[in-house]
Amino acid sequence: MQSIDRVQLESCARQIADAGRELGALGWTPATSSNFSMRLDAGHAAVTISGRDKGRLDIDDIMVVDLEGRAVGTDARPSAETALHTQLYRRFPGAGAVLHTHSRTQTVASRLFAGRGVIRLEGWELQKAIAGTTTHESVLDVPVFPNAQDMSVLVRAVDAWLDAGKPLHGYLIDGHGIYTWGRDMPETRRHLEAFEFLLGCELDLLRLRGESGLQRPF
Ligand SMILES: CSC[C@@H](O)[C@@H](O)C(=O)COP(=O)(O)O
Ligand SMILES: [Zn+2]
């Protein structure tokens, strides 16, 4: 087994703890919810230990898992949703960080659009914050997967979307929150902030247009 680079692990743990503190201050990680990770190498990731207050993480609150989600070098229990992180590292070799949060905006949007199964973002300048998007004249589909306590169910839903060849930069889980990722922590933070902003805009439009807004065709 490849040995873990301790310097890199500490650097990743600090980046994760810093992100947690800032996202927690925004109110996006209520009541110990949310989980974060960073890729360490081709076969390992650093991930938050389950149940910790994500707004007050210390580097000791971060542990190592292999890409099957098994703990490495510790008896600590990784995030209950580790399988969703490791799936993304397996499916996106360029992914270096994954952030999952539970903001109000993300959670309300997930419920409101669960029936459609997708939120279609189009025409927003901020779509360009998503890597590879160069114009507001683009379509960014954010799927809303049904929530499940069995992570294998969620893993299958994400696999099915990807296996259908559909682009994916982030997804919502109904009544739960968002997952997004990027090549490193700054890009992943940018993606998370962009999704939060765009979902908030969609919710504002619905409020201003009234309930019938949800009937509007794509
Ligand atoms: C505290 S409720 C939220 C959890 O059930 C879960 O969705 C979550 O995001 C955090 O789980 P964790 O195991 O701490 O990584
Ligand atoms: Zn969660």
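In the block above lies the structure referred to throughout.
What you see is a predicted model; the values in this text were computed from it and never measured. (Residues numbered from 1 in each chain as written. Chains lettered and ligands numbered in written order. Predicted model: local features only at pLDDT ≥ 70, side-chain atom pairs only at ≥ 80, totals over all residues. Heavy atoms only, no water.)

Draft legend 1. Spatial organisation of the overall build of the protein chain. Along its length, the protein chain carries 5 helices and 9 strands. Starting at the N terminus and walking to the C terminus, you meet the elements of the protein chain as α-β-β-β-β-α-β-α-β-β-α-β-β-α. The C-alpha radius of gyration computed for the protein chain amounts to 17 Å, which stays within 12% of the reference 17 Å derived for 218 residues, consistent with globular compactness. Structurally, the protein chain occupies a C-alpha span of about 55 × 35 × 35 Å along its principal axes. Here the protein chain holds 218 residues, and the buried ones make up 50% of them. When the accessible surface of the protein chain is summed, it comes to about 10,300 Å², and 51% of that surface belongs to carbon and sulfur atoms. One finds the centroid of the 24 positive side-chain charges in the protein chain at a distance of 3 Å from the centroid of its 28 negative side-chain charges. (Helix = DSSP H or I, 4+ residues; strand = E, 2+ residues; numbered from the N terminus. Rg over C-alpha atoms; globule rule 2.2 N^0.38 Å. Buried < 20%, exposed > 50% of the residue type's maximum accessible area, 1.4 Å probe, protein only. Areas by Shrake-Rupley, 256 points an atom, 1.4 Å probe, with all protein chains shown as cover. Lys, Arg positive; Asp, Glu negative; His and termini not counted. Charge placed at Lys NZ, Arg CZ, Asp CG, Glu CD.)

Draft legend 2. Structural context of the site of ligand 1. Near ligand 1, the surroundings consist of 14 residues, among which S34, S50, G51, S79 and E81 are the closest. Taking G51, its main chain carries an N or O atom lying 2.7 Å from an oxygen atom of ligand 1. Measuring from an oxygen atom of ligand 1, one finds a side-chain N or O atom of E81 at 2.6 Å. In isolation ligand 1 exposes 410 Å². Once the protein is present, 73% of that is buried. (Near = heavy atom within 4 Å. Polar contact = N/O pair within 3.5 Å; in protein donor to acceptor, adjacent residues only side chain to side chain.)

Draft legend 3. Up close: the coordination of the zinc ion (ligand 2). Distances from the zinc ion (ligand 2) to its protein donors, H100 (NE2), H102 (NE2) and H176 (NE2), fall at 2.1 to 2.2 Å. Read in sequence order, the donor residues for the zinc ion (ligand 2) give the motif H-x1-H-x73-H. We classify H100 as buried; its relative accessible area is 0%. (Donors = N, O, S within 2.8 Å, 3.2 Å for Na, K, Ca; no water.)

Draft legend 4. View of the layout of surface pockets. The computed volume of the largest pocket comes to approximately 260 Å³. Every residue lining the largest pocket is counted, 16 residues in all, and those nearest its centre are R6, L9, I62, M63 and V64. Of all the secondary structure elements, the ones that give two or more residues to the lining of the largest pocket are α1 (6–25) and β3 (62–66). Looking at the lining of the largest pocket, its residues break down into 11 nonpolar, 2 polar and 3 charged. (1 Å grid on protein atoms, 1.4 Å probe; cavity = no way out; pocket = protein on both sides within 12 Å on 5 of 7 lines; lining within 4 Å. Points joined across faces, edges and corners; volume = space filled by probe spheres on them. Nonpolar A, V, L, I, M, F, W, Y, C, P; charged D, E, K, R; others polar.)

Draft legend 5. The packing of helix α2 (residues 82–91) against helix α4 (residues 151–163), seen in detail. Where α2 meets α4, the closest approach of the two axes is 9 Å, and the angle between their N-to-C directions is 25°. One way to sum up the angle between α2 and α4 is to call them roughly parallel. As α2 packs across α4, the resulting crossing turns out to be right-handed. Between α2 and α4, the residues in contact are A83, L84, Q87 and R91 and M151, L154, V155, V158, D159, L162 and D163, respectively. Of the residues in the contact of α2 with α4, the class split is 7 nonpolar, 1 polar and 3 charged. (Axes fitted to C-alpha atoms, helices over the stretch in contact; angles between N-to-C directions. Parallel < 35°, antiparallel > 145°, perpendicular 65-115°, else oblique. Left-handed = near helix turned anticlockwise from the far one by under 90°. Contact = heavy atoms within 4.5 Å.)

Draft legend 6. Focus on the pattern of salt bridges. Counted by the stated rule, this structure contains 16 salt bridges. The partner of D53 in a salt bridge is R56, with the nearest N and O atoms 3.4 Å apart. Accessibility expressed as a relative area gives 69% for R56, which makes it exposed. A salt bridge links R91 to D159; its shortest N-O distance comes to 2.8 Å. With R91 in helix α2 and D159 in helix α4, the pair connects residues that are 68 residues apart, well separated along the chain. Through salt bridges with shared partners, one network takes in R183, D184, E187 and R190. (Salt bridge = Lys/Arg side-chain N within 4 Å of Asp/Glu carboxyl O.)

Distances and angles like these do not, on their own, reveal function.
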